[in-house]
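Take a look at the letters that make up each chain.
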Amino acid sequence: MHKYNYIEIGNRIRSERKKMGVSQVELLDNIKDKGKPTCSRNILSQLENGDETAFNGISMEKMIALCEEFDCSLSYLLGEYSCKNYDNEFIHDKTGLTDDAIDVLFANKDKTKQLFILNELITQESILDLITKYFFLSKSKSTNVLEEFYFNTDNGTVLPGKDCVIGNIDSEIYCISENNIALTSDIIKSSLLNNIQESLILFTNKYDIARTDTGWKITYKTE
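Reading the values: rules and limits
Residues numbered from 1 in each chain as written. Predicted model: local features only at pLDDT ≥ 70, side-chain atom pairs only at ≥ 80, totals over all residues. Heavy atoms only, no water. Helix = DSSP H or I, 4+ residues; strand = E, 2+ residues; numbered from the N terminus. Buried < 20%, exposed > 50% of the residue type's maximum accessible area, 1.4 Å probe, protein only. Contact = heavy atoms within 4.5 Å. Areas by Shrake-Rupley, 256 points an atom, 1.4 Å probe, with all protein chains shown as cover. Phe/Tyr/Trp six-rings, centres within 6.5 Å; stacked < 30°, edge-to-face > 60°. Axes fitted to C-alpha atoms, helices over the stretch in contact; angles between N-to-C directions. Parallel < 35°, antiparallel > 145°, perpendicular 65-115°, else oblique. Left-handed = near helix turned anticlockwise from the far one by under 90°. Nonpolar A, V, L, I, M, F, W, Y, C, P; charged D, E, K, R; others polar. pLDDT = per-residue confidence, 0-100. Pairing = 2+ DSSP bridges. Core = buried A, V, L, I, M, F, W, Y, C linked by side-chain atoms within 4.5 Å.

What follows deals with the overall build of the chain. Scanning the chain for helices and strands turns up 11 helices and 7 strands. By residue count, 33% of the 223 residues in the chain fall in the buried class. Long-range pairs, those at least 24 residues apart, make up 44% of the contacts in the chain between residues at least 6 apart in sequence. Split by element, the accessible area of the chain, about 14,400 Å² in all, is 51% carbon and sulfur.

Here it is, written out as structure tokens:
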């Protein structure tokens, strides 16, 4: 039997209400105006505060009315799902994308173009790999992060999977290349940014685009 976290459920109810920009009274009035059953403002306040007694006393019909007003599934409101509806939950389960990310993708008028770019970037692992490394290197103060990097001083690129000496000089993270050159994390981040830019240029040069009556047509360049 599923054990519900009433504090989490209350937080979700409050969060969804605030996203709508309405007060507790306005939320209940909206539900009443649609001819659906609802609770009192006092009960709603108790629900938002995670009061287990209030949850045990509210009917299923009133909980479903709340869900319909929030445009979410009952499973989401009860904390069983991470996403607001079943379709998003399926996508989240398979991809790890958040509810907000999924909504942005499918609500955008240019979603066809965005989905094309997203699909291609995912298949071009090198670009995402570089962005991921830049992010974690920028956010971490640990020398362990640098163990994934190796700076090739011959062509100015950062390569993964090779050994280098990692340490700190005056609290500055650095690595020693095979040429015995000390390279700070800032130098490596700069190189990563250059690599990301070069990879994006190579990526865009693979395609031709043309405006048609039905939108943009994107085709892969042939040699």
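Aromatic ring pairs are defined here through the distance separating the ring centres and the angle between the ring planes. Inspection of every chain in the model, using the stated rule, returns 3 aromatic pairs. Ring plane angle 35° and centroid distance 5.3 Å describe the contact between Tyr6 and Phe55, whose orientation is recorded as tilted. One end of the pair, Tyr6, is in helix α1 (residues 6-20); the other, Phe55, is in helix α4 (residues 52-57), with 49 residues separating them in the sequence. For Phe55, a relative accessible area of 9% puts it in the buried group.

For the pair helix α7 (residues 86-95) and helix α8 (residues 99-107), interaxial distance at closest approach is 10 Å and the crossing angle is 110°. For the element pair α7 / α8, the angle class is roughly perpendicular. Crossing angle aside, the handedness with which α7 passes α8 is right-handed. Note on element contacts: α8 touches α7 through Asp99, Ile102, Asp103 and Phe106, opposite Asn88, Ile91 and His92. Taken together, the residues of the contact of α7 with α8 sort by class into 3 nonpolar, 2 polar and 2 charged.

Before going further, it helps to examine the confidence of the model for the chain. Fine structural detail should not be taken from predicted coordinates in areas where pLDDT scores are low. Averaged over every residue, the pLDDT of the chain is 78; the share at 70 or more is 75%. Residue range residues 150-171 is modelled with pLDDT below 50. Its contacts to residues more than four positions away, or to other chains, number 57 contacts.

Mapped onto the fold, Thr53 is located in helix α4. Residues Thr53 and Tyr6 lie 47 residues apart in sequence; the distance between their C-alpha atoms is 9.8 Å.

What follows is about the pairing of strand β7 (residues 215-220). In terms of strand pairing, strand β6 (residues 207-212) meets β7 through 6 bridges, oriented antiparallel. By the bridge assignment for β7, Ile209 is matched with Ile218.

So, about the nonpolar core. Grouped together as the largest cluster of nonpolar side chains are 22 residues, with contacts concentrated most on Ile13, Leu27, Leu44, Leu47, Leu66, Phe70 and Leu77. Those elements that place two or more of their residues in this core are α1, α2 (24-33), α3 (41-48), α4, α5 (60-70) and α6 (74-77). The element contributing the most residues to this core is α5, with 5 residues. In this structure Leu77 touches Ile9, Arg12, Ile13, Met63, Leu66, Cys67, Phe70 and Cys72, once residues within four positions along its chain are discounted.

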